Amino acid sequence: MKAKFKLFLYLTLLWGVAGCSQILDEVPVSQVGSQYYNSLAGFEGGVNAVYTSMRSYYGAEVSTNLSVFGTDTYTNGSDGSYKYMNQYTASFGSNVSILTNLWNSLYSGINTANILIDLANTDGVTGLSEAAKNQRIAELKFLRAHAYFLLTQNWGNIAISVNGITNPTKDFTKATVAEVYAVILADLIAALPYLPTTVGNADYGRATQGACEHMLAKVYLTKATSEAAESTDFENAATYSSHVINNYSYALQSDYALVHDQSNQQNSEIIWAVQYSNDVLTNGSGNMTHLFFLMEYDVQAGMIRDIANGRPWKRYRPTDYLLNVIFNPADRSKDSRFKKSFKDTWLSNSPGTFTSGLFDNTKTSVTFASGDTAIYIPGIEWTVEQRAAKKFQVLVPSLYQANLYPTLSKYLDPLRPEIGTSAGSRDVFVARLADTYLILAEANIKLGRSQQAADAINMIRRRAAWSGMESEMEITASDATMEFLMQERERELSGELSRWYDLKRWGVLVSQVQAYNPDGAAGIQSYHNLRPIPQTQIDRTEGTSTNFPQNPGY
Amino acid sequence: MINIDKGDFRWSTDIQWTKNKEKIVELANGKVDDVGNSRFIGQPITAIYDYQKIGIWQADEADEAASYSRNVGEIKVADLNNDGKIDADNDRTIIGSQIPDFTAGITNRFNYKNFDFSFFIFTRVGSTIISSFHSDFNSLAGRYNNLDIDYWTPTNPTNEFPRPNVNQESPLNSSTLRYFSGTFVKVRNINLGYNVPDDLTQKMKISSLRLYLAAQQPFNFSKYRSKYKGIDNETFDSIGSAQSYATRQFIIGANVKF
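Residues numbered from 1 in each chain as written. Chains lettered and ligands numbered in written order. Predicted model: local features only at pLDDT ≥ 70, side-chain atom pairs only at ≥ 80, totals over all residues. Heavy atoms only, no water.

- By the naming in an unreviewed UniProt entry, chain B is TonB-dependent receptor-like protein, taken from Dyadobacter jejuensis.

- An unreviewed UniProt entry annotates chain A as Putative outer membrane starch-binding protein originating from Dyadobacter jejuensis.
- As stated in UniProt under Sequence similarities (unreviewed entry), the record for chain A gives "Belongs to the SusD family."
- Taken from UniProt, the Subcellular location (unreviewed entry) comment for chain A reads in full: "Cell outer membrane". (UniProt positions renumbered as here; feature names shortened; annotations may be inferred.)

Here is the structure:
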C-alpha cells in the first residue's frame, strides 16, 4: 500500500513537470504587443486609432450635450438622462459618466499620438518613408491639437503632455490655458506644411492643409477672447480663414439643403469630417445624433415609428428664441434655412380613424389614408378656424410641448437598416466652409472691418436665400455687428455642435441662457463656463485635489 | 454537542462561528491611501468610499437644503467637515466593506425512535453590499418600472428614498442608494425523516425504507428583502440587475434500498 502510494506520487510529480514545460511554450496570439507599432502596418493602424478617438466625441451624445444643451437655442425635451447638463443643477458634477468617458478617450487618443510621434521621430518604424513619416506626424499633431482644443474649451486649465506615457504614472499638473493654446498652435503650425492639400477617396477624412488652416482660424478666434488672448489673435483668425476660402477648391453648395443631404456627404463644402459608415464591423457605436432632435411623432394619430422618420429620443427642443427671433417668421419668405433645417410634415404610415389622443384640440376625429398628411407644423400661430379647416393635426407654437416641437432634420438617417438601429452612418461635419466664412466675418467685425465682414456673411446669406431673393438677403456694412453675427451663426449652424462654445467665446453664455433658456435660466452661474473635472482624474493624481483642483463651483 | 441523550430521544447541536479580519497595512507607495483605486490603509481591500446618505431633505429644512444646492425631497448626504458644501475632498468616507463582522451557523438534530428531525440556521452579520439591482430598478424617474419602495412625497416625509422626478433618470447622489447591509439570517434546510421498522421492510422484501420531508432555504430574513425589495443579499461583492432568484425547495421523498 505504501509503495503504491509513493509510485502514484512520483507519477503525479513527473506529469506535473512535463505539463509545466508545455505551458511555458505557449504563445499568446490574441494580443498585440507595443512592438507592433514598429511595423509599417502597426504604425498606420495606430494613426487610424487616433482618428477613431475623435468618435468618442463626434457622433456621441456627449457632443450635443456639450454644445446644444444649456444654450439659448435648445432646451431639454421630455426624455433623457442628462437634462441637468441643460438645467445646470447640482447633478452636473464631477461624476457625470459621459464626461469621464470623453476625458479618458481624448487623453488616450492624445497619448497614442504622442507615442507614435516619438516613435516616428526616432525612425523606429520599419519601412516608413521620409515623406510618409512627415505627413503622418503632421496628422497626429493635428489630431492632438484638436483633442486639446476640445479639452481646454470645456475644462480650462488641463494637463498637457506631448511625449508618450508608456508606464503608469500619477504625476499630473494643470497647465494654464495659455500654455495649452501654445501647444495647440505649435502643433498646428508645425503640421501645416506637411499635410496634403487634398486626399484621394481612399484617404477621405484624413487631415488636410485646409482642415488645419480652418482649425487655426477657429483656435485663434477662440483664444482671442480667452484668458490667453493676444492682440494678434483676430488678425491671425482672419488670415487663416481667408486662406481656406481663397487657396483651396472648397465651394459652398448651391442649395443649403444639399449640405446635409445624406447622399451628398462628401461635398465641396466639407473641409473635415469624422467618418462613419454603414459597415457594421468598423462603424462602432455609429453617429447617434439622428436620435436626439426628433419629436414624438410615433405615438400620434396616423403615425407609427419607421426608419425614414427616425427613432425619436426627444432630447433637444428648440427654444422660442431660436424659432421666433433667430428664425424670425418675417424673414422666412427670403431665408430658406428654417424650412430646410426643420421637418414640418409627417405623412401617415398607419392609416385609420382616430378619436383620442389628439393634440390639435380643434377636432375630435381625424381620418387618414396612407400617405395623407398626418401632422403639419406651420411654424407660426394659426387661428382655431384655420386649424379646424384642415384634415390633419396642426402643431402651432402654442401647442409645442416637451415632446412635440419642430424637429431638426439635419441628422435624420433613413439609411439605417432597421427602425431600432442607433448606430447611424452619417459623417459628422467638424469643419465646413460656411463656418469658415463666419469665422472670417467675426474676426473682421472685431477688427473693425465691417465691409469685409458683410461680404463674408453675404456669401452664405445669398446661398441661403429662396430663389430670386438673393439680393434681399444681403446685408450692408452697418448691419455687420456682433449682435447680427451671433444670430447668423445659429441660422447657418443650428444644431451643428457649435453654440455652447460660441456663447462662451462671446462671453454671453450666462446672460443668453438666463434670457432665453427657460429650463437652464435658474441654474446657470458664471462658473458653468467650465465643466466639472472627472473625479477619477482628481483621485488618481498624486496629491489629488491639492495638485489637481476641481474647477471652481463644482 | 449533545444536549439530551435519554432512551429513545437524542438532541444534538453543532455551532460554528467565523470571523475574518482583513486590512491593508501598506501599499506600493507606503502607508498612504490610494483614493483612485479605493485602497485605504487600515481598511479591507473591498472598502467602499463614497458620500454618506443620512436621510432626505425635509420640507422644514428647505433653506438649509438650498444652501447645499439641494431641493426638498432630494438625498441628504453628510457634510462631514461642516464647511457648508458637499465636496469630494472632504465629504466622502468609508461606507463599509464586504467583510462581515462574523458568520455563524447552528445545526440541531433530534432523534426519537424511528423519527429524525434537523434544521440548519445560518447568519452573516455586518457586511455592506453594493446592489446595482437597485440602481437599475430604483431610478425613481417615472419612466421605467420601479421597485415598490418607501419614497418621499410631501405627505410621506420619509428618510429612505428621494422624491421621484420625471426630469432625471437617476436621483442626485444616487450612488448612495446602492449600499445595503449584507446581514441576513437564513434557515438553510429543515429535514424530517422516518425510518420504516425492519420487520415491515422485510415483509416488503427490501433492505431499508426511509420516508422524508425536506425544505431547502424555506426562510430568508433580511432587511434587504423585507424592506428594500431586494432578492437575496447573500453575495460576496455586488448584486447586478440580472440576479437570479433565490429559490426555495420542498421535497417529499422515499429512500428505498434493495
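### Describing the overall build of chain A
Inference 1: Of regular secondary structure, chain A possesses 21 helices and 11 strands.
Inference 2: Rg of the C-alpha trace for chain A: 27 Å, near the compact-globule value of 24 Å for 554 residues, within the 12% margin.
Inference 3: Reported as C-alpha extents along the three principal axes, the dimensions of chain A are approximately 105 × 70 × 50 Å.
Inference 4: The proportion of buried residues among the 554 residues of chain A is 55%.
Inference 5: Measuring between centres, the 45 positive side-chain charges of chain A sit 5 Å from its 53 negative side-chain charges. (Helix = DSSP H or I, 4+ residues; strand = E, 2+ residues; numbered from the N terminus. Rg over C-alpha atoms; globule rule 2.2 N^0.38 Å. Buried < 20%, exposed > 50% of the residue type's maximum accessible area, 1.4 Å probe, protein only. Lys, Arg positive; Asp, Glu negative; His and termini not counted. Charge placed at Lys NZ, Arg CZ, Asp CG, Glu CD.)

### Details of the confidence of the model for chain A
In regions of low pLDDT, the predicted coordinates are not meant to be interpreted in detail.
Inference 1: Across chain A, the average pLDDT comes to 94, with 94% of residues at or above 70.
Inference 2: Across residues 13–21 of chain A the pLDDT falls below 50, and counting only partners more than four positions away or on other chains, this stretch makes 0 contacts in the model. (pLDDT = per-residue confidence, 0-100. Contact = heavy atoms within 4.5 Å.)

### Looking at the interface of chain A and chain B
Inference 1: Taken together, the contact pairs 13 residues of chain A with 14 residues of chain B.
Inference 2: For the pair chain A and chain B, the two sides together bury roughly 1,200 Å², of which 37% comes from carbon and sulfur.
Inference 3: Taken as a group, Lys83, Ala90 and Asp539 of chain A account for 30% of the area that chain A buries against chain B, more than any other trio of residues on that side.
Inference 4: Across the chain A-chain B interface, the total number found is 3 salt bridges.
Inference 5: For the salt bridge of aspartate 34 of chain B with lysine 170 of chain A, the shortest nitrogen-to-oxygen distance reads 3.4 Å. (Buried area = accessible area lost by both parts, 1.4 Å probe. Salt bridge = Lys/Arg side-chain N within 4 Å of Asp/Glu carboxyl O.)

### Some details on the domain arrangement of chain A
All names here are of chain A.
Inference 1: For chain A, the assigned domains read domain 1 (37–195 + 522–549) and domain 2 (290–426).
Inference 2: Its C-alpha centre places domain 1 at a distance of 37 Å from the equivalent point of domain 2.
Inference 3: In this complex, domain 1 contributes 14 residues to the contact, which on the side of domain 2 involves 17 residues.
Inference 4: At the boundary of domain 1 with domain 2, total buried surface from both sides reaches about 1,400 Å², with 60% on carbon and sulfur atoms.
Inference 5: Counting across the interface, domain 1 meets domain 2 through 2 salt bridges.
Inference 6: Here arginine 315 makes a salt bridge to glutamate 61, at a shortest N to O gap of 3.0 Å.
Inference 7: Our enumeration of links across domain 1 and domain 2 arrives at 10 residue pairs in polar contact (both at pLDDT 80 or more).
Inference 8: For the side of domain 1 that touches domain 2, the secondary-structure elements that each account for two or more residues are helix H3 (61–67) and strand E1 (74–76).
Inference 9: A class-by-class count of the residues in the side of domain 1 that touches domain 2 yields 3 nonpolar, 8 polar and 3 charged. (Domains from an automatic or database assignment. Polar contact = N/O pair within 3.5 Å; in protein donor to acceptor, adjacent residues only side chain to side chain. Nonpolar A, V, L, I, M, F, W, Y, C, P; charged D, E, K, R; others polar.)

### A look at the sheet that holds strand E11 (residues 184–195) of chain B
Residues and elements named next belong to chain B.
Inference 1: Ordered by their spatial adjacency, 7 strands build an open sheet running E1-E2-E7-E8-E11-E12-E14, and the pairing between neighbours is antiparallel. With partners counted over all chains shown, the strands left at the sheet margins are strand E1 (2–6) and strand E14 (249–257), one partner each. Along the sheet, successive strands turn relative to each other by an average axial angle of 10°, direction set aside.
Inference 2: Relative to strand E2 (residues 9–18), E1 runs antiparallel, the two sharing 4 bridges. Within E2, the position partnered with lysine 6 by the bridge is phenylalanine 9. (Pairing = 2+ DSSP bridges. Axes fitted to C-alpha atoms, helices over the stretch in contact; angles between N-to-C directions.)

### Structural notes on the sheet that holds strand E5 (residues 345–347) of chain A
Inference 1: The strand order across the open sheet built from 3 strands is E5-E8-E9 (chain A), with neighbouring strands paired in mixed fashion. The two strands at the open ends of the sheet, each matched to only one other strand, are E5 and strand E9 (393–394) of chain A.

### Points about the pairing of strand E8 (residues 373–376) of chain A
Consecutive side chains of a regular strand alternate in pointing toward one face of the sheet and then the other.
Residue and element names in this part refer to chain A.
Inference 1: Strand direction decides the pairing type here: E5 and E8, joined by 3 bridges, are antiparallel. Within the sheet, the bridge partner assigned to tryptophan 346 lies in E8 and is isoleucine 375.
Inference 2: One ladder, built from 2 bridges, connects E8 with E9; its direction is parallel. Along E9, the bridge assignment pairs isoleucine 375 with glutamine 393.

### Some details on the pattern of salt bridges
Residues and elements named next belong to chain A.
Inference 1: Counted according to the given criterion, the structure contains 52 salt bridges over all chains.
Inference 2: In this structure, glutamate 230 and lysine 223 form a salt bridge, with 2.6 Å as the shortest nitrogen-oxygen distance.
Inference 3: Its relative accessible area of 4% is what places lysine 223 among the buried residues.
Inference 4: The residue aspartate 502 makes a salt bridge to arginine 489 at a minimum N-O spacing of 2.9 Å. Within this pair, whereas aspartate 502 is found in helix H18 (residues 499–506), its partner arginine 489 is found in helix H17 (residues 482–493), the two being separated by 13 residues in sequence.
Inference 5: Judged by relative accessible area, aspartate 502 falls into the buried class, the value being 2%.
Inference 6: Given a relative accessible area of 1%, arginine 489 falls into the buried group.
Inference 7: Through salt bridges that share partners, Glu269, Asp335, Arg337, Lys410, Arg432, Arg461, Arg463, Glu488, Arg491, Glu492 and Glu496 make up one connected network.

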